[in-house]
Amino acid sequence: MVMSHLWPKKCICMVKKELLYSGPFGLTLKLANTIFVDRANTEKAKNTMNDVFANVRAEGVKVWVFPEGTRNHGCGMLPFKKGAFHLAVQAQIPVIPLVVSSYTEFYSKKERRFGTGKVVVQAMPAVSTKGLTKDDVAELSERVRKQMLDVFNDISLKKRIEVETNGAH
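With that settled, consider the overall build of the protein chain. Summing up its helical and strand segments, the protein chain has five helices and seven strands in all. Each helix and strand of the protein chain, placed in order from N terminus to C terminus, yields the pattern α-β-α-β-α-β-α-β-β-β-β-α. Counting all 169 residues of the protein chain, 33% fall into the buried class. Taking the contacts inside the protein chain whose residues are at least 6 apart along the sequence as the reference set, 61% of them involve residues at least 24 apart. Counting only carbon and sulfur atoms, one obtains 57% of the accessible surface of the protein chain, whose full area is about 11000 Å².

Printed below as a string of structure tokens:
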């Protein structure tokens, strides 16, 4: 739902292939020209990334990626997958991190709870990839993750304090 409020022009979404088989949600993704990455097949994943790269370069398409690769049902952030960072470095395009605050107040898979609530979304400054090579991808990924985790912790804490103070989600 967060994405629908922030969607830029000429943007495609890249997700794990497994989401294609998630019922109506998968069909919706397919109809929205989502790119599905087969993470179980490295060769197919690389070919998909090469196709995306060609699209980015030829048509100026933006790519929305979830670098954790899956939903984190705990706190904080999972380690990042490096595919998006390889793409950004190869295309020499900036990474623009978007951080969504914790949603644990209204969602818990373990407790089977999905209620109403609010999240805070913060767009961070663009991170340049100019001059970087494939040798820089791991450091770039970790640096962006650390910056995003710092912002995640900050906005999640502020949101939690607001909820506790005002008693509202």
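The structure having been displayed, the exposition proceeds.
Moving on: the nonpolar core. In this structure, Phe85, Val99, Val144 and Met148 are the most contacted members of the largest nonpolar core, which totals 16 residues. Those elements giving two or more residues to this core turn out to be α4 (83-91) and α5 (137-166). For this core, the leading source of residues is α5, giving seven residues. Setting aside residues no more than four positions away along its own chain, Val144 makes contact with Phe80, Phe85, Val95, Pro97 and Val127. In this structure, Met14, Ile35, Met49 and Val56 belong to the second largest nonpolar core, which totals twelve residues.

We now examine the sheet that holds strand β2 (residues 35-37). Pairing between the strands of a sheet is mediated by backbone hydrogen bonds and can be parallel or antiparallel. Reading across the sheet, the three strands line up as β2-β1-β3 and stay open at both edges, with parallel pairing between neighbours. Pairing within the sheet leaves two strands with one partner each, and these edge strands are β2 and β3 (62-65). Averaged over all adjacent pairs, the angle separating strand axes in this sheet is 30°, with direction ignored.

On to the side chain of Arg145. By the secondary structure assignment, Arg145 is in helix α5. No salt bridge is formed by the buried Arg145; its nearest oppositely charged neighbour, Glu142, is found at 4.7 Å. A polar atom in the side chain of Arg145 sits 3.1 Å from the backbone oxygen of Leu78. Other than its neighbours up to four places away in sequence, Arg145 contacts Met77, Leu78, Pro79 and Phe80.

With that out of the way, let us pick up the side chain of Ser141. Mapped onto the secondary structure, Ser141 falls in helix α5. According to the relative accessible area criterion, Ser141 is buried, its value standing at 1%. Contact partners of Ser141, with chain neighbours within four places excluded, come to Phe80, Lys82 and Phe85.

Throughout the structure, instances matching the rule amount to four salt bridges. Across the pair Lys146 and Asp150 runs a salt bridge whose closest N-O atoms are separated by 3.0 Å. Of this pair, Lys146 and Asp150 both sit in helix α5, separated by four residues, roughly a single helical turn. Residue classification places Lys146 among the exposed residues on the basis of a relative accessible area of 51%.

Another point: unusual backbone geometry. Even without being a glycine, Asn33 presents a positive backbone phi close to 60°. Within the element layout of this structure, Asn33 appears in the loop between α2 (24-31) and β2. Of note, the phi angle at Gln92 is positive, near 55°, even though the residue is not glycine. Within the secondary structure, Gln92 is located in the loop between α4 and β4 (98-100).

Looking now at the packing of α4 against α5. The N-to-C vectors of α4 and α5 enclose an angle of 115°; their axes lie 9 Å apart at closest approach. Pair α4 / α5 crosses with right-handed handedness. Note on element contacts: α5 touches α4 through Val137, Leu140, Ser141 and Val144, opposite Phe85, His86 and Val89. Looking at the contact of α4 with α5 residue by residue, the class counts come to five nonpolar, two polar and no charged.

Parameters at a glance
- Residues numbered from 1 in each chain as written.
- Predicted model: local features only at pLDDT ≥ 70, side-chain atom pairs only at ≥ 80, totals over all residues.
- Heavy atoms only, no water.
- Helix = DSSP H or I, 4+ residues; strand = E, 2+ residues; numbered from the N terminus.
- Buried < 20%, exposed > 50% of the residue type's maximum accessible area, 1.4 Å probe, protein only.
- Contact = heavy atoms within 4.5 Å.
- Areas by Shrake-Rupley, 256 points an atom, 1.4 Å probe, with all protein chains shown as cover.
- Core = buried A, V, L, I, M, F, W, Y, C linked by side-chain atoms within 4.5 Å.
- Pairing = 2+ DSSP bridges.
- Axes fitted to C-alpha atoms, helices over the stretch in contact; angles between N-to-C directions.
- Lys, Arg positive; Asp, Glu negative; His and termini not counted.
- Salt bridge = Lys/Arg side-chain N within 4 Å of Asp/Glu carboxyl O.
- Polar contact = N/O pair within 3.5 Å; in protein donor to acceptor, adjacent residues only side chain to side chain.
- Left-handed = near helix turned anticlockwise from the far one by under 90°.
- Nonpolar A, V, L, I, M, F, W, Y, C, P; charged D, E, K, R; others polar.

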